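# Coordinate inspection notes
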Amino acid sequence: MIELDDVVVRYGAGANTVTAVDGISLRLDAGKTLGLVGESGCGKSTVARAIVGLLPIASGRLLVDDEDYSTLRSRNSPAYRRRVQMVFQDPYSSLNPRMTVGRAIGEAITLRGVRGRAERRRVAQSTLELVELSESAMSRYPHQFSGGQRQRIAIARALAVGPQVIIADEITSALDVSIQATILNLLRSVQRETGVSILFISHDLSVIRYLSDTIAVMYLGEIVERAAAEDLFERPRHPYSNALTRSIPQLGHDRQPAPVSGELPDPRNPPSGCRFHIRCFMGPTQFPERTICREESPQSIPAEQSHFAACHFAGLVPPIEPAETHDRDMSRASS
Amino acid sequence: MAPPILHNFRRAPGATIAVVSVGIVVAVMIIAPLLLTKNATELHVFRANQGPSSHDWLGTDSLGRDILYRLVVATRLSVGLAFIAAGLSAAIGFALGGGAILLPRQLRPVVLRFIDMMLAFPALLVAIFVGAIIGPGSKGATLGVGIAGSFYIARVASTLAISVSNREYVAAARVLGVRRVALLVRYILANTADALVIVVTATISSSIVFLSALSFLGLGVQSPQIDWGEMLTQGVQQFYITPVAALAPAVAIALTALSFGFAGEALARLLNPLLWTTTDGSGRHSKKDLAEILASSVASRGDGDEAVLQVENLSVHVPSNVGVVDIVSQVSFNVARGEIVGIVGESGSGKTTIANAITQLIPYPAFMSGTVRVCGSDLSKLTPKQTDRLLGTSVATVFQDPMSSLNPALRLNIQLTESAEVHRRVSRSDARQSAVRLLQEVNIPAAEHLMRRYPHELSGGMRQRVTIAMGLMNQPALLIADEPTTALDVTIQAQIMDVFQEINETHSTAIVMISHNLALIGQNCHRILITYAGRIVEELPNDRLSEAYHPYTRALLGAVPDMSQRLDAPLTQIPGASPDVHARPAGCAFHPRCSLAEDVCRTDVPPLVDREGVRKVACWVANRKLSTSRS
């Protein structure tokens with residue numbers, strides 16, 4: 001289990017300081033998937049980099065199984081590395097081009113503390129099996145694989161350490177759509193077999209929805225809503241989640257006009273009060289009497305059990321029209 | 001695993017030359033002074049300054065010594081000192097450059113600026129300076145050249161190391177917990193080694209030249225020791241009597257320097273596994289006759305006045321080492337006035353190339369065949385000037401990256417009005433007015449104010465709006481939008497799609513929208529073309545998308561999760577990956593990934609067959625089933 005408590009991450013110094021992550025709290029249970037969704041610049045990748053120890057945490061706490069890993073030094077310790085691993089967005093740049101797959105995975109296995117050549121080989125084989133790659137991949141270099149295969153290698157390398165938690169940062173956004181499906185299916189089966197917890201970060205709500213047990217929606221460095229996956233999409237309690245859901249083009253549905261106007265403000269100079277108020281379709285731009293949005297930062301309050309939303313008017317957010325649930329199966333094509 | 005190192009080494013340009021020439025130089029260096037020193041120093045005062053003869057092949061110098069012998073003997077000192085100097089450069093350079101990387105972040109810029117400062121002095125000047133302090137002679141010269149060369153190596157080493165250490169795989173290794181030393185060796189050094197080898201061998205070459213130059217200036221090797229520079233000094237004095245005396249050492253310097261250059265290239269290739277596997281000529285494409293392809297462009301009929309765009313049998317050919325490869329083949333479609341047509345495909349499916357072919361933006365050496373008619377005019381029948389005029393006034397293009405179509409150095413008002421002034425010869429103030437009106441139309445607040453700003457001052461969504469407004473300046477009949485929202489967030493994407501719909505409704509501008517996003521295209525276009533491996537495999541109205549016939553389209557529909565995807569059902573997997581352009585399968589290009597593939601699919605390309613008057617599908621199996629169910 002990994003827990004973030006009021007975590008703040010900053011970039012730069014002095015007048016150029018950007019608070020990319022501003023006091024977020026998250027909790028990822030063992031064997032579960034937490035989806036973190038948001039648009040570019042919302043700070044979701046910063047969260048990932050802070051968790052894996054590539055960035056320091058300015059304040060707040062990070063706990064893994066109740067052990068404190070808030071300092072950068074502790075997150076760079078071998079013990080932490082063995083627990084928390086990461087898969088990066090672009091499989092073309094996240095693998096060392098001068099290292100065979102066997103060496104890359106072997107390196108990870110060594111860090112796990114596996115001794116003996118034969119034993120290491122056995123672990124490497126079973127890891128590759130987990131990501132559905134054959135053993136012959138070991139002697140080849142990354143550039144000899146397709147994008148989807150490379151992402152499997154990157155996943156295998158993270159798994160080779162035997163981690164409790166994997167941070168997956170936009171791992172399908174560099175891939176073709178036909179390849180994306182295999183990676184998503186793979187992630188599910190890996191989780192079933194190893195019981196690893198996954199923090200799945202993406203800008204794509206439909207992908208997040210498909211993989212996650214719980215979902216957190218981020219906007220401009222803050223978490224605006226947190227709920228079980230099904231709840232969030234059927235009845236979002238934050239206008240931003242609602243807008244995000246309605247912005248996604250959907251097959252078999254008529255086009256809707258864009259739900260929000262404007263663009264993400266400069267994170268160096270975030271709006272007062274609720275950070276979404278200048279774009280919000282329920283905020284003071286539409287309802288001038290709702291000045292509270294401009295003045296007070298909304299607290300994250302439970303709307304229902306385990307459904308949190310940081311909105312002054314959470315109760316008024318309209319539900320999403322239920323979409324028809326359908327089964328998609330290629331075998332139907334042949335019938 | 002044993003990489004085919006030798007095979008690969010031989011493939012390097014000039015590898016053989018490098019091995020042979022460096023081998024000769026080294027052999028001469030070792031052997032010549034042992035055997036020939038006596039011959040080289042023998043004085044024959046009566047035969048001074050002779051030209052080449054059978055006795056002295058390269059003639060003699062002012063003291064009557066045989067130039068050939070001297071040249072050969074001088075190799076040891078010339079090349080040997082160059083080796084020492086280059087080794088010195090490398091040692092100091094790597095220590096300085098690599099050290100800069102290992103230093104704490106605050107100290108790093110200090111060292112890097114020092115290196116830059118030293119680089120500002122010409123290397124030869126530094127060498128002379130050091131040489132002068134230590135005193136003339138081979139020791140001073142070598143040290144001088146060594147130090148002078150080190151700053152260049154330090155600069156390259158530090159730049160390479162910094163750029164590699166910012167790569168994601170280094171971050172990945174850090175997350176993995178790879179130790180600092182291992183990180184430096186296995187990740188940073190391994191990924192810079194080939195470039196560094198080139199730099200070091202180039203330094204050997206330049207050291208030979210610099211050392212010779214120092215000797216020539218009298219600061220280097222002193223008589224009676226001989227190197228090529230010293231011979232050059234002697235030779236130049238007799239240049240008008242026996243030019244060979246000066247030319248011979250000059251040629252020796254040039255050739256030796258060159259051979260080390262070749263050696264560097266070959267070694268670098270040896271160290272780079274990315275080059276060990278090269279595409280061999282096993283592609284399935286036969287060599288096509290250029291004339292045949294061009295002759296096959298069929299002249300089209302001139303019907304369909306309503307169509308703003310008619311594409312017929314469009315193919316785009318690229319010459320490659322396996323023959324001419326078609327990245328787009330036999331594509332035909334029409335776009336009617338006011339229609340929005342979507343082209344969907346994965347990377348490598350040729351969708352962008354189709355757009356580029358329409359606007360005549362196919363880069364050399366690729367070339368196209370087939371017919372493209374814009375507003376009824378066949379582009380191949382127009383002069384280049386007429387084509388520019390027609391495309392400039394009736395077709396506008398919006399690209400994925402708006403910055404690629406905006407000039408970062410110009411204010412937006414100039415960029416927005418330029419095309420109208422050029423193509424329609426309207427006055428600047430009229431053009432300004434319509435620009436402001438169009439900016440308002442694409443929902444830009446404070447349009448007047450925005451006109452005075454530079455592209456980099458805008459957000460991605462704003463830039464894309466500006467390029468759309470820019471495209472609309474000449475009231476085009478057709479707008480081609482190539483992945484216009486791929487770089488944008490979904491909330492902004494929805495806004496941009498609103499803009500496209502409004503343009504389409506208010507001006508009946510036809511739009512060709514290209515994307516990899518099936519749902520986006522499905523929701524925003526009237527008609528959809530599905531492309532795979534350079535061909536259109538299916539064409540259908542948007543409301544029939546869920547009842548697609550082609551197995552590829554159906555698989556795509558199942559592979560992309562959407563908000564109504566059942567969570568317990570796995571996504572449809574399409575095995576394998578999109579084929580490489582150079583190795584597309586024979587027959588139907590989708591057959592290796594298709595669960596319905598039959599024998600005919602492996603051999604024959606399925607034609608795009610009309611179905612129900614409004615749709616087309618290119619699949620042997622689907623078309624057979626549809627035909628039999630009809631009868």
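This is a predicted model, so every value here is computed, not measured.

About the cut-offs
- Residues numbered from 1 in each chain as written.
- Chains lettered and ligands numbered in written order.
- Predicted model: local features only at pLDDT ≥ 70, side-chain atom pairs only at ≥ 80, totals over all residues.
- Helix = DSSP H or I, 4+ residues; strand = E, 2+ residues; numbered from the N terminus.
- Rg over C-alpha atoms; globule rule 2.2 N^0.38 Å.
- Buried ≥ 20, exposed ≤ 12 C-beta atoms within 10 Å, placed from the backbone.
- Contact = placed C-beta atoms within 7 Å.
- Domains from an automatic or database assignment.
- Axes fitted to C-alpha atoms, helices over the stretch in contact; angles between N-to-C directions.
- Parallel < 35°, antiparallel > 145°, perpendicular 65-115°, else oblique.
- Left-handed = near helix turned anticlockwise from the far one by under 90°.
- Nonpolar A, V, L, I, M, F, W, Y, C, P; charged D, E, K, R; others polar.
- Pairing = 2+ DSSP bridges.
- Right-handed = clockwise from strand over helix to strand, strands pointing away.
- Expected span 1.5 Å × (residues − 1).
- pLDDT = per-residue confidence, 0-100.
- Core = buried A, V, L, I, M, F, W, Y, C linked by C-beta atoms within 7 Å.

### Describing the overall build of chain A
A count of helical and extended segments in chain A gives 12 helices and 12 strands. Compactness check: chain A gives a C-alpha radius of gyration of 21 Å against a globular reference of 20 Å for 335 residues, within 12% of the reference. When its C-alpha atoms are laid out on the principal axes, chain A stretches across 70 × 60 × 35 Å. Relative to its 335 residues, chain A shows a buried fraction of 50%. Here the analysis covers contacts within chain A between residues at least 6 apart in sequence; of these, 63% occur between residues at least 24 apart.

### Remarks on the overall build of chain B
Within chain B, the regular secondary structure consists of 22 helices and 12 strands. Over its C-alpha atoms chain B spans a radius of gyration of 34 Å, topping by over 25% the 25 Å that the globule rule assigns to 631 residues. For the C-alpha atoms alone, the extent of chain B along its principal axes is close to 105 × 65 × 60 Å. Within the span of chain B, comprising 631 residues, buried residues form 48% of the whole. In chain B, of all internal contacts separated by at least 6 residues, the share reaching a separation of at least 24 is 67%.

### Observations regarding the domain arrangement of chain B
Partitioning chain B into structural domains gives domain 1 (5–42 + 55–274) and domain 2 (541–631). For domain 1 of chain B versus domain 2 of chain B, the distance between C-alpha centres works out to 60 Å.

### Side note on the environment of Gly 149 of chain B
Residue and element names in this part refer to chain B. Checked against the element boundaries, Gly 149 lands in helix H6 (residues 138–165). The buried category is assigned to Gly 149, around which 29 C-beta atoms lie within 10 Å. Taking the C-alpha atoms as reference, Gly 149 lies 9.5 Å from Val 200; in sequence the two are 51 residues apart. Not counting the four nearest positions on each side in its chain, Gly 149 is found in contact with Ala 85, Ala 86, Ser 89, Ala 123, Thr 203, Ser 206 and Ser 207.

### Comments concerning the packing of helix H3 (residues 67–102) of chain B against helix H10 (residues 244–270) of chain B
Residue and element names in this part refer to chain B. Between H3 and H10, whose axes approach to 11 Å, the crossing angle comes to 40 degrees. One element, H3, and the other, H10, form an angle in the oblique class. Between H3 and H10 lies a crossing of right-handed hand. Here Ile 67, Leu 71 and Val 79 of H3 come into contact with H10, specifically with Val 244, Ala 245, Ala 248, Pro 249, Ala 252 and Thr 256.

### So, the interface of chain B and chain A
Facing 65 residues of chain B, the contacting portion of chain A comprises 69 residues. Listing elements by their share of the side of chain B that touches chain A, those giving two or more residues are helix H7 (168–176), helix H8 (180–216), helix H18 (490–507), helix H19 (518–524) and helix H20 (551–559) of chain B. Of the residues that constitute the side of chain B that touches chain A, the class distribution is 33 nonpolar, 22 polar and 10 charged.

### Comments concerning the domain arrangement of chain A
Residues and elements named next belong to chain A. Partitioning chain A into structural domains gives domain 1 (2–212) and domain 2 (239–316). The centre of domain 1, based on its C-alpha atoms, is set 30 Å off from the matching centre of domain 2. Here the side of domain 1 that touches domain 2 is composed, by residue class, of three nonpolar, two polar and one charged.

### Comments concerning the sheet that holds strand S1 (residues 307–320) of chain B
The strands making up a sheet associate through backbone hydrogen bonding, with each pair oriented either parallel or antiparallel. Residue and element names in this part refer to chain B. Pairing within the open sheet is antiparallel, and its four strands lie in the order S2-S1-S4-S5. Both edges of this open sheet fall to strand S2 (323–336) and strand S5 (377–378), since each of them pairs with a single strand only. Note that S1 and S2 share 10 bridges and pair antiparallel. Residue pairing for S2: Leu 314 is matched across the bridge by Val 331. Relative to the sheet, helix H12 (residues 351–358) contacts S1, S2 and strand S4 (367–374), its axis offset from that of S1 by approximately 110 degrees.

### Looking at the pairing of strand S8 (residues 510–515) of chain B
Residue and element names in this part refer to chain B. Extensive coverage of S8 is indicated by the burial of six of its six residues. Burial along S8 is two-sided: Ala 510, Val 512 and Ile 514 and Ile 511, Met 513 and Ser 515, pointing in opposite directions, are all buried. The pairing of strand S3 (residues 340–344) with S8 spans five bridges and is classified as parallel. Paired with Gly 342 across the bridge in S8 is Met 513. You can see the chain leave strand S7 (residues 478–482), run along H18 and come back into S8, and the turn it takes is right-handed.

### Here's the deal with H18 of chain B
Each α-helix winds once per 3.6 residues, and so residues spaced three or four apart point in a common direction. The terminal C-alpha atoms of H18 of chain B lie 26 Å apart, and with 18 residues this matches the ideal 26 Å at 1.5 Å per residue to within 8%. Three or more residues of H18 of chain B are buried, namely Val 490, Thr 491, Ile 492, Gln 493, Ala 494, Gln 495, Ile 496, Met 497, Val 499, Phe 500 and Ile 503 of chain B. The inward-facing, buried residues of H18 of chain B contact helix H10 (239–247) of chain A together with helix H17 (460–472), S7, S8 and H19 of chain B. Trailing H18 of chain B by a residue or two, Ser 508 of chain B shows a phi angle of about 45 degrees, which is positive.

### Overview of the packing of helix H14 (residues 412–423) of chain B against helix H15 (residues 428–441) of chain B
All names here are of chain B. H15 packs onto H14 with a crossing angle of 115 degrees between their chain directions and a minimal axis gap of 9 Å. Pair H14 / H15 crosses with right-handed handedness. Contacts between H14 and H15 pair Asn 413, Leu 416, Thr 417, Ala 420 and Glu 421 from the former with Arg 428, Ala 431, Arg 432, Ser 434 and Ala 435 from the latter. Tallied by class, residues from the contact of H14 with H15 come to four nonpolar, three polar and three charged.

### Looking at the sheet that holds strand S10 (residues 535–541) of chain B
Residue and element names in this part refer to chain B. Read across the sheet, eight strands follow the order S6-S7-S8-S3-S9-S10-S12-S11 without closing on themselves; strand pairing throughout is mixed. One side of each edge strand has no neighbouring strand; the edge strands of this open sheet are strand S6 (395–398) and strand S11 (609–611). Adjacent strand axes in the sheet meet at a mean angle of 20 degrees when their direction is disregarded.

### Description of the environment of Ile 414 of chain B
Residues and elements named next belong to chain B. Along the chain, the position of Ile 414 falls in helix H14. With 13 C-beta atoms packed within 10 Å, Ile 414 lands in the partly exposed category. Placed 17 residues apart in sequence, Ile 414 and Ala 431 show a C-alpha to C-alpha distance of 9.8 Å.

### Some thoughts on the confidence of the model for chain B
All names here are of chain B. Chain-level statistics for chain B give a pLDDT mean of 85 and a share of 92% at 70 or above. Per-element confidence in chain B is highest for S3, whose mean pLDDT is 96, and lowest for helix H11 (residues 290–295), whose mean pLDDT is 47. Taken as a whole, residues 293–304 scores under 50 in pLDDT and shows 17 contacts with residues more than four places along the chain or in a different chain. Per the prediction output, this complex has pTM 0.81; the corresponding ipTM is 0.86.

### A short note on the nonpolar core
Within the largest apolar cluster, 284 residues are counted, with the highest numbers of intra-cluster contacts made by Ile 167, Leu 199 and Val 217 of chain A together with Ala 469, Leu 478 and Val 512 of chain B. The element that contributes the greatest number of residues to this core is H3 of chain B, accounting for 16 residues. Here Ala 469 of chain B is in contact with Leu 416, Ala 435, Leu 438, Leu 439 and Val 442 of chain B, once residues within four sequence places are set aside.

### Structural notes on unusual backbone geometry
The residue after Tyr 364 of chain B, namely Pro 365 of chain B, is reached through a cis peptide bond having omega 10 degrees. Take Pro 365 of chain B: it is sitting in the loop between H12 and S4. Of note, the phi angle at Glu 132 of chain A is positive, near 60 degrees, even though the residue is not glycine. Inspection of the secondary structure assignment puts Glu 132 of chain A in the loop between helix H5 (117–130) and helix H6 (147–160). Positive phi, close to 55 degrees, is recorded for Ala 446 of chain B, a residue that is not glycine. The topology assignment puts Ala 446 of chain B in the loop between H15 and helix H16 (447–450).

### Quick notes on the confidence of the model for chain A
In this model, chain A carries an average pLDDT of 88, and 94% of its residues clear a pLDDT of 70 or more. Long-range and interchain partners of residues 324–335 of chain A, a stretch whose pLDDT sits below 50, account for 23 contacts in this model, where long-range means more than four residues apart.

### Here we look at the pairing of S6 of chain B
All names here are of chain B. Side chains Val 395 and Thr 397 of S6 all project onto a buried face; the interleaved residues Ala 396 and Val 398 project onto the opposite face, where all are buried too. Two elements, S6 and S7, share four bridges in a ladder whose sense is parallel. Residue pairing across strands places Val 398 opposite Ala 481, the latter belonging to S7.

### What about the environment of Ala 172 of chain B?
When you line up the elements, Ala 172 of chain B lands in helix H7. Using a count of 25 C-beta atoms within 10 Å as the deciding quantity, one classes Ala 172 of chain B as buried. Apart from the residues lying within four places of it in its own chain, the contact partners of Ala 172 of chain B are Phe 88 and Ser 94 of chain A.

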